[in-house]
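Chain and residue survey
Listed below, chain by chain, are the residues.
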Amino acid sequence: MPSTAESSSRIPFLARPWVRWAGIGLVVVLLVVGPLILPEFANQTIARIGVFAVAVLGLNVVMGYTGQVSLGQIFFVGVGAYATAWGVEHDWNVVLVFLLACLVPAVIGLLIALAAARLGGLAIAMVTIALPIVGVPLAKRLSDLTGGSQGTSARFTDAPEWTGLYDDQWQLYIVILIGGITFLLTRNLVRGKYGRAFAIVKGNEAVAGSMGISPYRYKVLAFTIASLIGGVSGFLYMVVIQYTSPETLHFGHSIELLASMVIGGAGSIVGSLLGGAWYVLLPQITNLIDPNITAMLQGAILLIVLFILPGGLVSLPRLWRRRRRDGDSPRGAAPTGGMARTDAAAGVSGSSSVADALGAPSAPPPTTPPPPTP
């Protein structure tokens, strides 16, 4: 029986508990100290990444983990932003404003999900496509609530004097706090029983039904949670941008969120963070290269990344480890241990498995002929 020291030596270095806790501690220190030492532009950029990382996270819940097609996530972000602006304009407490920004999109998402969750494929995609398409003219017409085509602003996140912080530092701390809690709660959700139910529904709805898991119920739940997270993103949007207009609800932004989710990594918490960074940083990079061909450059980079990393940026470490293992193993070496089999044995085993699956009698194994009698 191997000793404790031998067992611990077999665990990969990055998978050891003390390494994980040390990494978590380092991240916490960076999040606390970073806003104090970074320049204003860097703080604003990181805050915007956090805003859209939360939006991508909501999209990941409904698409990456549950397998529903949703092309209207930006609609819920916009509704959350408008609800925040309305609450600030009416001098509500900031906690009540946050609750309003979460509940209004969640209720709208629940009502839509109750009607559309029984649909599948292109049908539910068409329903979600309609959300931003209808939302833009609706925001223009409801000028008393939304400010019409001119939009509305809400300046409510200036740094209090007692903190001694600049506005960009204070806003980044708000994004880190609320965004971090949102990511932590979502991580716990998708790693628990609800996440397992989401995965079964995504894999096969018939199997889910046979196991007592209602696909309709969990589709509604996932869509509602995604809408609520979109409202959180809308609140953070107003914390950082402090202005919204019908342009916020534009369908093109929803497609960009979808592309960011795929590039970051569908069905991944870390992939949502990478997707938020992609959403914010890619336009800045392409504008530095040539502002006249920004759209073409973004499309080309998107195709290149998808061809190289079909699983998104989050799969890069896994691909690197696989390439490293392949490079370390001797070329053409046969597998060691009792797992190696000859082609003939593999063929006999394969034919027996097929016969067993079909319910037919399998062929008897080859026997050695008896020696001739003298």
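Data block above holds the structure.
Residues numbered from 1 in each chain as written. Predicted model: local features only at pLDDT ≥ 70, side-chain atom pairs only at ≥ 80, totals over all residues. Heavy atoms only, no water.

**Points about the overall build of the protein**
Helix and strand content of the protein: 16 helices and 2 strands. For the protein, the residues scored as buried account for 39% of the 374 residues in total. Partitioning the intrachain contacts of the protein with sequence separation of at least 6 by distance along the chain shows that 74% fall at a separation of at least 24. Accessible area for the protein stands at about 21700 Å²; split by element, carbon and sulfur atoms hold 67% of it. (Helix = DSSP H or I, 4+ residues; strand = E, 2+ residues; numbered from the N terminus. Buried < 20%, exposed > 50% of the residue type's maximum accessible area, 1.4 Å probe, protein only. Contact = heavy atoms within 4.5 Å. Areas by Shrake-Rupley, 256 points an atom, 1.4 Å probe, with all protein chains shown as cover.)

**Observations regarding a nonpolar patch on the surface**
The grouping of Trp21, Ile24, Val28, Val29, Val32, Val33, Leu36, Ile37, Leu38 and Ile46 at the surface amounts to a nonpolar patch, some 930 Å² of accessible area in total. With 8 residues, the single largest contributor to the nonpolar patch is helix α2 (residues 17–37). Topologically, Val32 is positioned in helix α2. Under the relative-accessibility criterion, Val32 is labelled partly exposed at 46%. (Patch = residues over 30% accessible without salt bridge, like charges linked within 9 Å, V, L, I, M, F, W, Y side chains within 5 Å. Salt bridge = Lys/Arg side-chain N within 4 Å of Asp/Glu carboxyl O.)

**A closer look at the pattern of salt bridges**
The tally for this structure, following the rule as stated, stands at 3 salt bridges. Close ionic contact of Arg155 with Asp158 constitutes a salt bridge, the shortest N to O distance being 3.2 Å. Look at Arg155 and you get exposed, because its relative accessible area is 57%. For Glu205, the salt bridge goes to Lys219, with nearest N and O atoms at 2.6 Å.

**Some words on a positive patch on the surface**
Taken together, the side chains of Arg318, Arg321, Arg322, Arg323 and Arg325 make up a positively charged region of the molecular surface. Assignment of secondary structure puts Arg323 in helix α15 (residues 316–328). You can call Arg323 exposed: its relative accessible area is 60%. (Lys, Arg positive; Asp, Glu negative; His and termini not counted. Charge placed at Lys NZ, Arg CZ, Asp CG, Glu CD.)

**Some words on the layout of surface pockets**
Quantified by volume, the largest pocket comes out at close to 1800 Å³. Within the lining of the largest pocket, the residues separate by chemical class into 31 nonpolar, 7 polar and 4 charged. Considered as a void within the structure, the second largest pocket measures approximately 570 Å³ in volume. The element contributing the most residues to the lining of the second largest pocket is helix α8 (residues 167–190), with 9 residues. Class assignment of the residues belonging to the lining of the second largest pocket gives a composition of 19 nonpolar, 3 polar and 1 charged. (1 Å grid on protein atoms, 1.4 Å probe; cavity = no way out; pocket = protein on both sides within 12 Å on 5 of 7 lines; lining within 4 Å. Points joined across faces, edges and corners; volume = space filled by probe spheres on them. Nonpolar A, V, L, I, M, F, W, Y, C, P; charged D, E, K, R; others polar.)

**A look at the side chain of Thr128**
By secondary structure assignment, the location of Thr128 is in helix α6 (residues 122–141). In this structure the side chain of Thr128 is engaged in a polar contact, spanning 3.0 Å, whose partner is the backbone nitrogen of Leu71. With near-sequence residues (within four places) excluded, Thr128 lies in contact with Val69, Ser70, Leu71, Gly72 and Phe223. (Polar contact = N/O pair within 3.5 Å; in protein donor to acceptor, adjacent residues only side chain to side chain.)

**Considerations on helix α11 (residues 215–240)**
When the terminal C-alpha atoms of α11 are compared, their 37 Å separation across 26 residues agrees well with the 38 Å that a helix rising 1.5 Å per residue should span. Counting buried residues along α11, 22 of its 26 residues qualify, which places the element largely inside the surrounding structure. Gln242 lies just past α11 and shows a positive phi near 65°. (Expected span 1.5 Å × (residues − 1).)

**Points about the environment of Phe52**
Counting through the fold element by element, Phe52 comes out in helix α3 (residues 40–65). Here the alpha-carbon distance between Phe52 and Gly234, two residues 182 residues apart in the chain, equals 9.2 Å. Leaving out residues up to four positions away in the same chain, Phe52 has contacts with Tyr237, Leu257, Gly276, Tyr279 and Val280.

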